[in-house]
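# Secondary and tertiary structure notes
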Amino acid sequence: MATTENSEAVTQAAGGDAALQDLRYNPADIEARWAERWAEQPDLYAAEPYPSAKPKYYVLEMLPYPSGQLHMGHVRNYSIGDTLARYMWMQGYNVLHPMGWDAFGLPAENAALKNNTPPRQWTLANIVAMKRQMNRVGFSYDWRNEITTCLPDYYRWNQWFFLRMFERGLAYRKKSKVNWCPLCATVLANEQVVNGCCWRHDEQIVEQRDLEQWFLRITRYAQELLDGLAKLDGWPEKVRTMQRNWIGRSEGAEIDFALADECTVPEDEEKARRSGTAILPARDDVKPSGNKIAVFTTRVDTIYGATSLQLAPEHPLVKQMAAGDPALAESVAALLEQQRKAREAGDVGAIEKHGVFTGYYAINPFNGERLPVWVGNYILLDYGTGAIMSVPAHDDRDYEFAKKYGLEIKVVILPRRGGEAVENGERDSLLPFTDEDSLLINSGEFSGLGCQEAQHKMAAVAQEQGFGKPTVTFRLKDWGISRQRYWGTPIPMLYCEKDGIVPVPDSELPVLLPDNVEITQQGGSPLGRIPAFVNATCPKCGGPARRETDTMDTFVDSSWYFYRYTDARNDKAPFATDTVAYWFPIDQYIGGVEHAILHLIYSRFWTRVMRDLGLIENDEPVRRLFTQGMVIRNGAKMSKSKGNVVSPDEMIARYGADATRMYSLFAAPPDRDLDWQEDGVAGVSRFLGRVYRFAIKHGSSAATSEAGSKSTRAAAPASPSPTTQALLRKLHQTIRKITEDFAGRWHFNTDIAAIMELVNLLTAAEPQIAAGEVPDAVLAEILRTLTLLLAPFAPYLAFELWQHIGQTDNLLRAPWPKFDEALAKEEQIEIPVQINGKLRSVICVDADATEEQIRDAALAEPKIAAAIAEKEVARVILVPRKLVNIVVK
RNA sequence: GCGAAAGUGGCGGAACUGGCAGACGCACCAGACUUAGGAUCUGGCGGGGCAACCCAUGGGGGUUCGAGUCCCCCCUUUCGCACCA
């Protein structure tokens, strides 16, 4: 509709004035014409197939979820990638620039509920719509390799990979507590829980449920995933840090504390009473089975300072201890509830510490001391061993806890301030003292050792004596991939009464996801309600078997999709190994920082699995990663819920695709957030109009005079006019600036500004051009180069001008212009002259003037001469080509 | 609390290695062409002052001939992480 309005306005405005009509930049018209032409050439942006003599360049933008609507974040993301792809083609690379659809997932089911449309139909219709939008913007995708993850020719390979992982013990099933979102009615991965809430429903608190789940053993690669980060120097440091934290490696020791034979003695009971804990009877009646408590610590050097053990409320031993003890059971239940609530609310860090004494004691294996065993609400079962030794003097949390419950505080690390040991009396003010650059005290034979040294020695001693060992713990958990959802890849597993868990044979892949499944909001897997799907035959015994009815997490789809792009129509294998070897790793991956952890860590894991399967040679999927900023409007991220979205369609209809995408690159450097201002789009559109009018005006005469000359040198006359010189200088400075920027900083905003400066200079030179001061051949060369410079940023206009100036070769593959240092060089430069660091004047000198000449010119400059006449010149600082600073007294 | 990034005109942003602060664009103002146009072109546009000049890059110190840029302290914003033993 907006398009119609626009063209009507143009028609009215133009009136009958043919000349004005010709000079009016009408992007709707130009872009429609080229879009149509490009649509007729499906191979327009096709990469040369492997093997190719050209150097390869694989540029990739993160594939979208087909919601049905391209939003500005997409436009920005893809504009960056598209500009780069077009530039690399012009630099002579064989560029792979594919696109696809991350098409499984919950929104399709939600839409099905809402509109009563089958997920498949909804999704495929959305893909058609978004593909149309992408083509309208003019993105240069090689659609021959398009992938759609919800189609069997893609997801069969998810199943194939799953079976390979199952064979190698990398996929396994276990009953586990899972994060359950009641709104999604499904399990969430740990990574999908944000502050205790669902990542899709940030108000919905995640519940815990016990379910049999399939897991992928990503932890087997934890160390390698961590080590690999060090080598990813083409990745933002921020992303590497986030992954490092996520993997969360900590080195320490596991120490076994034996349970003591006797239990509570009266004085401890008294202590418990004083500290306000539940009073517990002496316990020598029941002894828990198993006689030790394993504890993980990163500070084994402080073990002589341990004054209690703290167990997680869910620790198996606690269950046994509480079994015959209702009072303890009740206290533990309360602690568990506190922890659960805090976890759900996402502020586990702020939980008020509570604990309860169990009545049991454990023996510190280093010194034989009896330590009371407590249960603490701040101890997590799923980290380390679910039990800690509490060292109040040297740990913030233990200190807080010990103060509250009146537990003993034993100092075993020498407190120091600024490297100096402090007086005994001062020690208390330094507690808890957690520094590691000190010495052990009160630690038996280990006293006097440095902390680090003691950590190694004590762990070694524990190992020798058989009550512990040095160990490494990771925060990273195995990846739970089971989803009780319909719209995902069926997990290719069968359950046979006789043979148990049986994998579906390769020959029966894909396990097709049935259509016509009723989507409801009931819990459980929708597939479980389809008898035709569930009932199968066991491949081993031929008897009846039940199919797995859970589907895979959609992050499985995106963990390896970029490999499939290299060989998307392969129906014998996920891809051909030699083709992948040619294209990988991805040279440049571009997307939002919100995928810094989930997608990017899963795909690094998947890459290593495929490598170990012998399918690929690379360890890492992505050489360089670029995370672009968000699109902001009115101070908030553009989103439907904020009501501040701007539709790309509307922008394109009003200002054209070129202006819209160019604005998305012009308004901010690509790694920063972008503030969307519609007036800015209008400004870029105006600029493109100026280019258009200038080129139309001068293009025809340039076209006829051009006579095949392809270099500025050849076109330049022997003694050019000052205008000619100035224009050529600016032209080559602009080429240089943009070329260098593509190789380094990617500040496309300043590249576009540079092109604007060039155009400003050109239009300002109109009178000189009209007076014939610029030879047609030079003008032609300038126009040709300007068009090439615009090609990566504004492809529609570039194609239009390319044709207009009489060029017939393919602009997509036209060589990027080379800059000529000699032509780019300034003849005269302005040099600021300061007195005592304050700007006082500016002098103009030859670019190759000697220091002597510059100094003389500066001192002779009338203003300067007057200012220093009465003073003594102490120093003259001369920075070649930059500035003169005269220091006077 | 820990870590990272950032703070520059009315706005988005330039200034890459310390060297003319505000490129380029928006908005705004004035003018031209025009019987209206959300078009195009020209000029102006950080603040103060008639001026020479002075003051300005979140605030305060420092290093330097010279600081938006380097160092120290503080403030604000955004984003990660957050009892991980």
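Above: the structure in question.
Predicted model, so just to flag it, every value in this text is computed and none were measured. (Residues numbered from 1 in each chain as written. Chains lettered and ligands numbered in written order. Predicted model: local features only at pLDDT ≥ 70, side-chain atom pairs only at ≥ 80, totals over all residues. Heavy atoms only, no water.)

### Re the packing of helix 8 (residues 222–231) against helix 9 (residues 237–247)
- It is at 10 Å that the axes of helix 8 and helix 9 come closest, and there the two elements cross at 160 degrees. Between helix 8 and helix 9, the crossing angle belongs to the class labelled roughly antiparallel. Crossing handedness for the pair helix 8 and helix 9: left-handed. Of helix 9, the residues touching helix 8 (which contributes Ala 222, Leu 225, Leu 226, Leu 229 and Ala 230) are Arg 240, Gln 243, Arg 244 and Ile 247. (Axes fitted to C-alpha atoms, helices over the stretch in contact; angles between N-to-C directions. Helix = DSSP H or I, 4+ residues; strand = E, 2+ residues; numbered from the N terminus. Parallel < 35°, antiparallel > 145°, perpendicular 65-115°, else oblique. Left-handed = near helix turned anticlockwise from the far one by under 90°. Contact = heavy atoms within 4.5 Å.)

### Examining the packing of aromatic side chains
- Applying the stated rule across the entire model yields 60 aromatic pairs.
- Consider the rings of Trp 479 and Trp 606, whose centres lie 6.2 Å apart with planes at 70 degrees: the pair is edge-to-face. Of this pair, Trp 479 sits in strand 19 (residues 479–480) while Trp 606 sits in helix 19 (residues 598–612), and the two are 127 residues apart along the sequence. Pair check on accessibility: Trp 479 and Trp 606 agree, each one buried.
- Through successive ring pairs, a cluster of aromatic residues spans Tyr 50, Tyr 58, Tyr 561, Phe 562, Tyr 563, Tyr 565, Phe 575, Tyr 582, Trp 583, Phe 584 and Tyr 589.
- Above the ring of Phe 215, the side-chain terminus of Lys 174 is found at 4.6 Å from the ring centroid.
- One cation-aromatic arrangement involves Arg 370 over Tyr 361; the distance from NZ or CZ to the ring centre is 4.2 Å. (Phe/Tyr/Trp six-rings, centres within 6.5 Å; stacked < 30°, edge-to-face > 60°. Buried < 20%, exposed > 50% of the residue type's maximum accessible area, 1.4 Å probe, protein only. Lys NZ or Arg CZ within 6 Å of the ring centre and 35° of its normal.)

### Focus on the protein's contact with RNA strand B
- Inspection of the region around RNA strand B gives 51 residues, with Thr 298, Ile 351, Tyr 383, Arg 397 and Asn 885 positioned closest.
- Counted by atom, the contact set of RNA strand B within 4 Å of the protein is 66% sugar and phosphate.
- For RNA strand B, a phosphate oxygen lies 3.1 Å from a polar atom in the side chain of Arg 840.
- In the model, a phosphate oxygen of RNA strand B is placed 3.4 Å from a nitrogen or oxygen of the Arg 875 side chain.
- Of all the elements in the fold, those that place two or more residues in the surface near RNA strand B are helix 9, strand 11 (292–297), helix 22 (678–706), helix 25 (748–764), strand 31 (828–835), strand 32 (838–846), strand 33 (873–879) and strand 34 (883–888).
- When residues of the surface near RNA strand B are assigned to their parent elements, the largest contribution, six residues, is made by helix 25. (Near = heavy atom within 4 Å. Polar contact = N/O pair within 3.5 Å; in protein donor to acceptor, adjacent residues only side chain to side chain.)

### With respect to helix 4 (residues 72–90)
- In this model helix 4 runs 27 Å from its N-terminal to its C-terminal C-alpha over 19 residues, within 8% of the 27 Å that 1.5 Å per residue would give.
- When you tally the buried positions in helix 4, you get 18 out of 19 residues, the bulk of the element.
- At the exit of helix 4 stands Gly 92, carrying a positive phi of roughly 95 degrees. (Expected span 1.5 Å × (residues − 1).)

### Observations regarding unusual backbone geometry
- Of the consecutive residues Tyr 50 and Pro 51, the connecting peptide bond is found in the cis state with omega at 0 degrees.
- Turning to its location among the elements, Pro 51 is positioned in the loop between helix 3 (27–39) and strand 1 (56–61).
- In this structure, the amide linkage connecting Phe 584 to the following residue, Pro 585, adopts the cis form with an omega of -5 degrees.
- Position of Pro 585 among the secondary structure elements: in the loop between helix 18 (577–583) and strand 26 (588–592).
- A positive phi angle, near 60 degrees, is found at Asn 116, a position not held by glycine.
- In this fold, Asn 116 is placed in the loop between helix 5 (106–115) and helix 6 (119–137).
- You will see that Asn 836, though not glycine, has its phi angle at about 50 degrees, which is positive.

### Some details on the sheet that holds strand 32
- With respect to topology, four strands assemble into an open sheet ordered 32-31-34-33, the strand pairing being mixed. Edge positions in the open sheet fall to strand 32 and strand 33, since each of these has one partner strand only. The mean angle between the axes of side-by-side strands here comes to 20 degrees, regardless of whether they run parallel or antiparallel.
- Pairing geometry for strand 33 and strand 34, over six bridges, is antiparallel. By the bridge assignment for strand 34, Ile 877 is matched with Asn 885.
- Across the sheet, helix 30 (residues 851–860) is in contact with strand 31, strand 32, strand 33 and strand 34; its angle to strand 32 comes to roughly 130 degrees. (Pairing = 2+ DSSP bridges.)

### Quick notes on the sheet that holds strand 26
- With parallel pairing, four strands are arranged side by side in an open sheet as 2-1-26-27. Single-partner strands in this sheet number two, and they are strand 2 (94–96) and strand 27 (625–628). When the angles between neighbouring strand axes are averaged without regard to direction, this sheet yields 20 degrees.
- Seen against the sheet, helix 4 touches strand 1, strand 2, strand 26 and strand 27 and runs at an angle of roughly 170 degrees to strand 1.

### Some thoughts on the nonpolar core
- Among the nonpolar cores identified, the biggest contains 184 residues, and Trp 479, Phe 562, Tyr 589 and Trp 676 are the most heavily contacted of them.
- Beyond its immediate stretch of four places on either side in the chain, Trp 676 contacts Met 72, Val 631, Ile 632, Arg 633, Met 638, Val 646, Met 651, Thr 660, Tyr 663, Ser 664 and Val 681. (Core = buried A, V, L, I, M, F, W, Y, C linked by side-chain atoms within 4.5 Å.)

### Digging into empty space enclosed by the protein
- As enumerated under the stated definition, the model contains four cavities of 30 Å³ or more in all.
- In this structure, the largest cavity encloses a volume near 200 Å³.
- In terms of lining residues, the largest cavity is bounded by 19 residues, among which Leu 106, Arg 200, Arg 483, Asp 553 and Thr 554 are the most central.
- Secondary-structure elements contributing two or more residues to the lining of the largest cavity are helix 5, strand 6 (186–188) and strand 25 (551–552).
- At three residues, strand 6 tops the list of elements feeding residues into the lining of the largest cavity.
- For the lining of the largest cavity, the per-class residue count stands at eight nonpolar, six polar and five charged. (1 Å grid on protein atoms, 1.4 Å probe; cavity = no way out; pocket = protein on both sides within 12 Å on 5 of 7 lines; lining within 4 Å. Points joined across faces, edges and corners; volume = space filled by probe spheres on them. Nonpolar A, V, L, I, M, F, W, Y, C, P; charged D, E, K, R; others polar.)

### Comments concerning the environment of Met 90
- Along the chain, Met 90 falls in helix 4.
- On the basis of relative accessible area, Met 90 is assigned to the buried category, the value being 5%.
- In sequence terms Met 90 and Ala 814 are 724 residues apart; their C-alpha atoms lie 5.6 Å from each other.

### Considerations on the packing of helix 4 against helix 21 (residues 657–666)
- Interhelical geometry of helix 4 versus helix 21 gives an angle of 90 degrees and a closest axis separation of 9 Å. Between helix 4 and helix 21, the angle is such that the two are roughly perpendicular. Between helix 4 and helix 21, the contacting residues are Met 72, Val 75, Arg 76, Ser 79, Ile 80, Asp 82, Thr 83 and Arg 86 on the first element and Thr 660, Arg 661, Ser 664 and Leu 665 on the second.

### Overview of helix 21
- Across the ten residues that make up helix 21, a large majority, nine, are buried.
- By the burial criterion, the buried members of helix 21 are Ala 657, Asp 658, Ala 659, Thr 660, Arg 661, Met 662, Tyr 663, Ser 664 and Leu 665.

### Thoughts on the pairing of strand 31
- The pairing of strand 31 with strand 32 spans eight bridges and is classified as antiparallel. Across the sheet, residue Ile 829 finds its bridge partner in strand 32, namely Val 845.
- Connecting strand 31 to the next strand, strand 32, in antiparallel fashion are two residues, including Asn 836 with a positive phi near 50 degrees.
- Note: strand 31 against strand 34, three bridges, orientation parallel. Bridge pairing in strand 34 places Ile 835 opposite Ile 886.

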